[in-house]
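# Structural features, examined
Listed below, chain by chain, are the residues.
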Amino acid sequence: AFEKEVDEFRNKKLFGFGFEDLQRVEVKSEGKATLLERKGEDWLLGGKKADAATVQPVIDQLRAMAGMKFVKGQMGPAFLEIS
């Protein structure tokens, strides 16, 4: 363990919501926003009902997202924003 770099011990998950039930996911890219919202048992995509079987894999992938390496110094401009 003493031979490992500090970065190997850091939590690399990009999102900290774990397995909580999400109510809202907003994605902004190139000035365009896409909103996924939960109303009761249904998911709405831009105000229209979305298929839960399509939405759930997206949420699962967000949960699994992790950084592979920490950048030293300044990064460039953001091209994608997920909240």
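Above: the structure in question.
Residues numbered from 1 in each chain as written. Predicted model: local features only at pLDDT ≥ 70, side-chain atom pairs only at ≥ 80, totals over all residues. Heavy atoms only, no water.

### So, the overall build of the protein
On a plain count of helices and strands, the protein comes out with 1 helix and 5 strands. N-terminal to C-terminal, the α/β element order of the protein is β-β-β-β-α-β. A compact globule built from 83 residues should have a C-alpha radius of gyration of about 12 Å, whereas the protein, at 16 Å, is more than 25% larger. Here the C-alpha coordinates of the protein stretch approximately 50 × 30 × 15 Å along the principal axes. Buried residues in the protein amount to 13% of all 83 residues. In the protein, the share of contacts with a sequence separation of at least 24, taken over all contacts with a separation of at least 6, comes to 53%. Counting every atom, the protein has about 7,200 Å² of accessible surface; 55% of that belongs to carbon and sulfur. Placing the 14 positive and 14 negative side-chain charges of the protein at their respective mean positions leaves the two points 2 Å apart. (Helix = DSSP H or I, 4+ residues; strand = E, 2+ residues; numbered from the N terminus. Rg over C-alpha atoms; globule rule 2.2 N^0.38 Å. Buried < 20%, exposed > 50% of the residue type's maximum accessible area, 1.4 Å probe, protein only. Contact = heavy atoms within 4.5 Å. Areas by Shrake-Rupley, 256 points an atom, 1.4 Å probe, with all protein chains shown as cover. Lys, Arg positive; Asp, Glu negative; His and termini not counted. Charge placed at Lys NZ, Arg CZ, Asp CG, Glu CD.)

### Here's the deal with the side chain of Arg63
By the element assignment, Arg63 lies in helix α1 (residues 52–64). Residue class for Arg63 comes out buried when judged on its relative accessible area of 15%.

### What about the nonpolar core?
Soluble globular proteins tend to pack their nonpolar side chains together in the buried interior. With 9 residues, the main nonpolar core is built from Phe17, Leu22, Val25, Leu36, Trp43, Ala50, Val55, Ile59 and Leu62. The dominant element in this core, judged by the number of residues it contributes, is α1, at 3 residues. Among residues more than four places away in sequence, those in contact with Leu36 are Gln23, Arg24, Val25, Trp43, Leu44, Leu45 and Val55. (Core = buried A, V, L, I, M, F, W, Y, C linked by side-chain atoms within 4.5 Å.)

### Regarding the pairing of strand β1 (residues 24–29)
Where β1 lies against strand β2 (residues 32–39), 6 bridges are found, and the strand directions are antiparallel. Pairing of Arg24 across the sheet is with Glu37, part of β2. In this antiparallel pair of consecutive strands, β1 and β2, the connection spans 2 residues, and Glu30 shows a positive phi of 50 degrees. Direction of pairing for β1 relative to strand β5 (residues 80–82): antiparallel, over a ladder of 3 bridges. Its bridge partner lying in β5, Lys28 is registered against Glu81. (Pairing = 2+ DSSP bridges.)

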